[in-house]
Structure formats: C-alpha cells, structure tokens
Amino acid sequence: MTRHVAFVLAGIGAGGAERVIALLSAMVVERGWQATIISFDRPGNAAYHDFHPDVRFIFLADRANNRKLPKPLRMAIRLFALRKALAGGRFQLIVSFLTKINALTLLASIGLPVPVIVSERNNPLRQRANPIWRWLLALLYRRAAAIVMQTERSRKCLPPAQRARAHVIANPIALPAAIPEPVEQRITAVGRLTEQKGFDLLIDAFARIASSYPEWTLVIWGDGPLRAMLQRRSIDHGLAHRIVLPGVSRDHGAWINPGQIFVLCSRYEGFPNVLAEAMAAGMAPVAFDCEFGPSEIINQGVSGLLVPAEDIDSLADRLHALMGSPVLRASLASAASNSAFRFELDHVGGQWLTLMDSTR
C-alpha cells in the first residue's frame, strides 16, 4: 500500500540530520511511497543536500522568525503552523528529527490518527535545554510510536518505558560520486563552529606539535557562531597561515581527503556522520572518545585512534604519530574504509524502511 510520509525538521541546510532525511526520503519515493519535507525554512531557500525530484516541500517560515516577538509566542506560531500542515489526513506516518522539533511535532499531532517516529540525533545528557523542555519531552515521548537512537549507549539514557520503544539505527552514509584527489600533509576537521564540536581543543593540540611538522596545515570546514573566536585563537598561536577555516564546503563531501588525517574533536556527539563518511572514503581517523558514537564506529588501533575526551595532550600525541608515519596513516585508512560497510545506505536505510513499515 502506498503511504505518504512527512519528514519534519528545522531546516534543509548543511548538517547530518538533513543529510539523513535527504537519503531516507529518496528511498521512500523509490519504493513507491510519497514523501514530504516539512521545515521551518523560508520558501525558496536552497537545499544544501540533493533531494529526490519527487520529494515535496512545505516551508513554514513566518512570523515565528521575527526575533522581536517573545519566544513563547514564536513557539505558539510554529506549533499552529505545523498543526495545520500535518492535519487533513494526507499523511499516514510522521518522522521527526532533532529534540525540539520532536517535541513540537508530538504536540502538533495530538489528536491526529497518525503515528509519529521521533529521532534523537545528539547526546541527550549534554544538550543544553530549559528544564521545561526536559519535562515536556519526558511527557511527550510517551506519545511516540517509536524512538530512534543512533547508538546503544544513547539508548540506555532513556527511561525504561521509553527504552522499550527505542530502536538503534546508525546514520546511513553515501559518498559523493566523485572523490577529490588527495592533498598531502593536511589535517581535516568538519562541523558547525560551535562549542560542542571542540575545534578550539583541536587548534590547541595542533599548536603543540606544529613546529615539528612545519609543512602540515589544519583545515576546519564549517561555519557557525565561534568562527571569530577560532580565528583569534589561531592568530594567538601564531598559526593563522596554517589553520584555514574555508566555511561550508560548496558540495557535499568536497572536504574528503583520501589517505590523509581526519579529526573528530567533539565534546559530545550523537552519531558523527562526518567520521563515518571520512572512514568510508579512506581517511585515517583520530577521535575523542566522547559520548556517544566514536567508540561504536572506530575499532581502536585498527580502523582509527581513540583518545580520551577533551584530552588535548593525548590528541596532540596521536596527531604527532600520524603525521610522522605514512605507513600508519595508510594502514588506518585502509581498515577504516573496509569497516564502514556497516553504514552503507542499503543496510541502514533498510532498517529505517522496516521500522516505517511496522509503524501503524
């Protein structure tokens, strides 16, 4: 039977959740279902990721984007706009991504005869949230038909009643058709320039070993509120000419640098897409063993190097070892590529389709 699935998210810009929805909505369409993306973007906003041409879009940007309005009023406007989009009986299933959007979707769908799958994409213990949000989520998640977590460790954070309805599904990855040619003696990191992603820690670690490898550069792809701070930090270390912040890559995967070093320096994660993508593309990974994700992706010492979370000295030591050993880089890159089959789209997407099939 043909089903119409609504995917609800904040926006269609660059990001891991947005990438997953682009892939899943395409799989839904290709199996003969209908897929609609509901986001709070403005109509006409360009999508960063490639969406299937048959995927439909509903954009809900309105007065809620007016920062002069009180937050409760903006939230109420968004709630009623989402309720209007979901009502009418056109959808047989709703899939929501990210914590606040999950809460909004569960509120907006009260009374509608449509099951809702919510997907947590981050570390629920480390996200900063108003206590009201936490209380509301605990109450609303009882309404969810299913809860998708990205790792087993994150599933265990849920209360027992919610844990019984939780499914662990990693993020699917799909590499770009054209992999860039490698640029040697470059360390790559990718992510939104926020406190969570820990790029300040990476810059400090690189500064400790930069003089030993003057030919190496550090490239941090992404944009965000901490750009100016990270640039100042690079200048303070005297490394502005060797630490590059080029912004968001023009095309998905343009940051990939096969055979070279990839660093995940996050303070916390849900499931780091970029780490799995870097490994699949044959990069040599080193990552903070933060909660959650890296230890379930990297086989320590075989497909990558894990270092204690937020330990700058240990990160500098591992980078020093990788920068000085082409043999180690090649070994880790090869094993990383071979291990990433677990996250291929056919496998992970199939888990999602099975869950959606069974949710009525």
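As the structure is a computational prediction, the values presented were derived from the model and not from experiment.

K.L.:
How should I be thinking about the overall build of the protein chain in this particular structure?
P.N.:
Looking only at helices and strands, one finds 13 helices and 13 strands in the protein chain. For a compact globule of 360 residues, the expected C-alpha radius of gyration is about 21 Å, and the protein chain comes in at 21 Å, within 12% of that figure. Overall, the protein chain is about 65 × 45 × 40 Å in size when its C-alpha atoms are taken along their principal axes. Counting over 360 residues, the protein chain shows a buried share of 55%. Contacts in the protein chain between residues at least 24 apart in sequence constitute 67% of all its contacts with a sequence separation of at least 6. Looking at the protein chain, you have 40 positive and 29 negative side-chain charges, and the mean spots of the two groups are 11 Å apart.

K.L.:
Explain the packing of aromatic side chains to me, please; I cannot follow it from the model alone.
P.N.:
Describing an aromatic ring pair means giving the distance of the ring centres and the angle of the ring planes. Evaluated as defined, the whole model comprises five aromatic pairs. With a centroid separation of 5.2 Å and an interplanar angle of 80 degrees, the aromatic rings of Phe-51 and Phe-57 are classed as edge-to-face. Classification of Phe-51 by relative accessible area gives buried; the value is 16%. Ring plane angle 5 degrees and centroid distance 5.8 Å describe the contact between Phe-57 and Phe-59, whose orientation is recorded as stacked.

K.L.:
What is the right way to look at unusual backbone geometry in this model?
P.N.:
Leave glycine aside and you will find that most residues have negative phi; peptide bonds, for their part, are mostly trans. The omega angle of the peptide bond from Glu-291 to Phe-292 is -5 degrees, so this bond is cis rather than trans. Relative to the elements of secondary structure, Phe-292 occurs in the loop between strand S12 (284-288) and helix H10 (294-297). The phi dihedral of Leu-98 is positive, around 85 degrees, even though this residue is not glycine. For Leu-98, the location among the structural elements is in the loop between strand S4 (93-97) and helix H3 (99-108). Its identity as a non-glycine residue notwithstanding, Glu-310 has a phi of 65 degrees, on the positive side.

K.L.:
Looking at this structure, how should I read the state of the cysteines?
P.N.:
Among covalent bonds in proteins, the disulfide is the one between the sulfur atoms of two cysteines. Under the counting rule described, the total for this entry stands at zero disulfides. Just so you know, Cys-265 is unpaired, no disulfide at all, and the nearest cysteine sulfur is the one on Cys-290, 9.5 Å from it. On the basis of relative accessible area, Cys-265 is assigned to the buried category, the value being 1%. Classification of Cys-290 by relative accessible area gives buried; the value is 1%.

Definitions and cut-offs
- All chains use their own residue numbering, which begins from 1 and follows the written sequence.
- With pLDDT at 70 or above as the cut-off, local features in this predicted model cover only qualifying residues; side-chain atom pairs require 80 or more to be listed or tallied, and sums for whole chains, interfaces and linings still use all residues.
- Note: side-chain values were computed over all heavy atoms of the structure, leaving out hydrogens and water.
- Strands here mean DSSP runs of E at least two residues long; helices mean DSSP runs of H or I at least four residues long; both are numbered from the N terminus.
- Radius of gyration here is computed from C-alpha atoms only, and the compact-globule reference equals 2.2 Å multiplied by the residue count raised to the power 0.38.
- Only protein chains enter the calculation, and the probe is 1.4 Å; a residue is then buried if its accessible area is under 20% of its type maximum, exposed if over 50%, and partly exposed in between.
- The contact criterion used is simple: two residues touch if any of their non-hydrogen atoms lie within 4.5 Å.
- By the counting rule applied here, Lys and Arg register as positive and Asp and Glu as negative, while His and the ends of each chain are not counted.
- The atom standing in for a charge is NZ when the residue is Lys, CZ when it is Arg, CG when it is Asp and CD when it is Glu.
- Stacked, tilted and edge-to-face are the three classes applied to pairs of Phe, Tyr and Trp rings, where Trp contributes its six-membered ring and a pair requires centres within 6.5 Å; stacked means planes under 30 degrees apart, edge-to-face means over 60, and tilted covers the rest.
- We call a pair of cysteine sulfur atoms a disulfide whenever their separation is within 2.5 Å.

By themselves these figures say nothing about function.
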